[in-house]
Amino acid sequence: MTHQIASLGALRQPTKLVENRVCFAGPHAELSIYDTYEQAERVSLKSDSLLYCGMVTGAKVMHTKSEENIPFLPHESFILAPKEEVFIDFPEAALDRPTTCLTVEISQERIAQICDRMNDVTNMNGLSLIDPNKPLHALHTQGTQQVLDRLVSDFVQNDPDRDLLVDFGVSELVTRILRHHGREALLQFTKLMPDANGLTNALSFIESNLAMPLDIDQLSKLSCMSRSRFYQEFKRHLGCTPNEYQHQRRMSVALEFLKQKRSVTEVSMELGYQSLSHFSRRFHQHFGVSPRQIQSQLNLQH
């Protein structure tokens, strides 16, 4: 993505030093690339549509109405609900080292269409899972990074199928956003009511035993389903197999532990990895950065 944005060259020549914008329109979506060349504080950002933000280079600090001083770094996503406003600081921006980010503004009509298609998965209705009082801020996975790379390329290339490719990319990006929200909603429900049904019972057990190898027969019994029915229901609601889900939860918990300044070795052992190198490799495959890099980024913030 960095290469694709750098290749825009002359299009990104600054006409202003703070949030210099280059824009590309697509069906139901708009890509913007912002470069900032000097330090600034409390710069407003809001949109009438859902706004996906991804950092490319440099660092920002985001201020929302529910939380102050949120560091925003490369490999991270920040998602704003329609009409949500944030204020942004640019502590590192300089003429020879601009802070660069991209946004993808996605129409509510397109999101509603995708929500309708996902309703049978987690009972999503409209934008109900996107809480306007709590923007989604996360270190995105390699899969999401690959979607962003393709989407930027599709927006800026003069391909005869450009609009179709952009629409495919936006659909995949929105699906990943909604899937994340849906999982979070299901996980919160599971914590509140672990015995609500067979699936929540199984999810609660996985969450309480993240360091242990999965026993599918045991999970099937906990969920009161046959092995094949359990797999079918799990994949329908979570979009992945139980083993893939456990790996994803381990990675999310590992990231939270690292943010708490716990050592990489301690995190690896607590989550059940047989070796530090195996944990580091899986973490890098999932997020695109190593646990040590996360620690370095956190140290730079203080």
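Just so we're clear, the structure is a prediction, and the values are computed from it rather than from any experiment.

A separate point is the nonpolar core. Grouped burial of nonpolar side chains is what soluble globular proteins tend to show. Membership of the largest hydrophobic core comes to 31 residues, with the highest contact counts inside it found for Phe 234, Leu 238, Tyr 245, Leu 271, Phe 279 and Phe 283. Those elements that provide at least two residues to this core are helix H4 (162-192), helix H5 (198-208), helix H6 (216-222), helix H7 (227-238), helix H8 (242-259), helix H9 (264-270) and helix H10 (276-287). Element by element, the count of residues in this core is highest for H8, at seven residues. One finds Leu 31, Leu 151, Phe 155 and Leu 173 within the second-largest nonpolar core, a separate group that totals 27 residues.

So, on to the sheet that holds strand E1 (residues 20-26). One open sheet holds the six strands; their spatial order is E1-E2-E9-E4-E7-E10, and the pairing between them is antiparallel. Unpaired on one side and paired on the other, E1 and strand E10 (136-139) mark the two borders of the sheet. Looking at each pair of strands side by side, their axes are set apart by 15° on average, direction ignored. Where strand E7 (residues 76-80) lies against E10, four bridges are found, and the strand directions are antiparallel. Looking across to E10, one finds that Ile 79 is bridged to Leu 136.

Now for H5. Buried residues of H5: Gly 198, Leu 199, Thr 200, Ala 202, Leu 203 and Ile 206, and no others. Where H5 begins, the side chain of Asn 197 points an oxygen toward the backbone nitrogen of Leu 199, at a separation of 3.0 Å.

A word on unusual backbone geometry. Negative phi characterises most residues that are not glycine, and trans characterises most peptide bonds. Phi angles above zero are rare outside glycine, and Cys 224 is one such case at about 60°. For Cys 224, a relative accessible area of 71% puts it in the exposed group. A positive phi angle is found at Lys 261, which is not glycine, with a value near 70°. Relative to the assigned elements, Lys 261 resides in the loop between H8 and H9. For Lys 261, a relative accessible area of 49% puts it in the partly exposed group.

Criteria and thresholds
Residues numbered from 1 in each chain as written. Predicted model: local features only at pLDDT ≥ 70, side-chain atom pairs only at ≥ 80, totals over all residues. Heavy atoms only, no water. Core = buried A, V, L, I, M, F, W, Y, C linked by side-chain atoms within 4.5 Å. Buried < 20%, exposed > 50% of the residue type's maximum accessible area, 1.4 Å probe, protein only. Helix = DSSP H or I, 4+ residues; strand = E, 2+ residues; numbered from the N terminus. Pairing = 2+ DSSP bridges. Axes fitted to C-alpha atoms, helices over the stretch in contact; angles between N-to-C directions. Polar contact = N/O pair within 3.5 Å; in protein donor to acceptor, adjacent residues only side chain to side chain.

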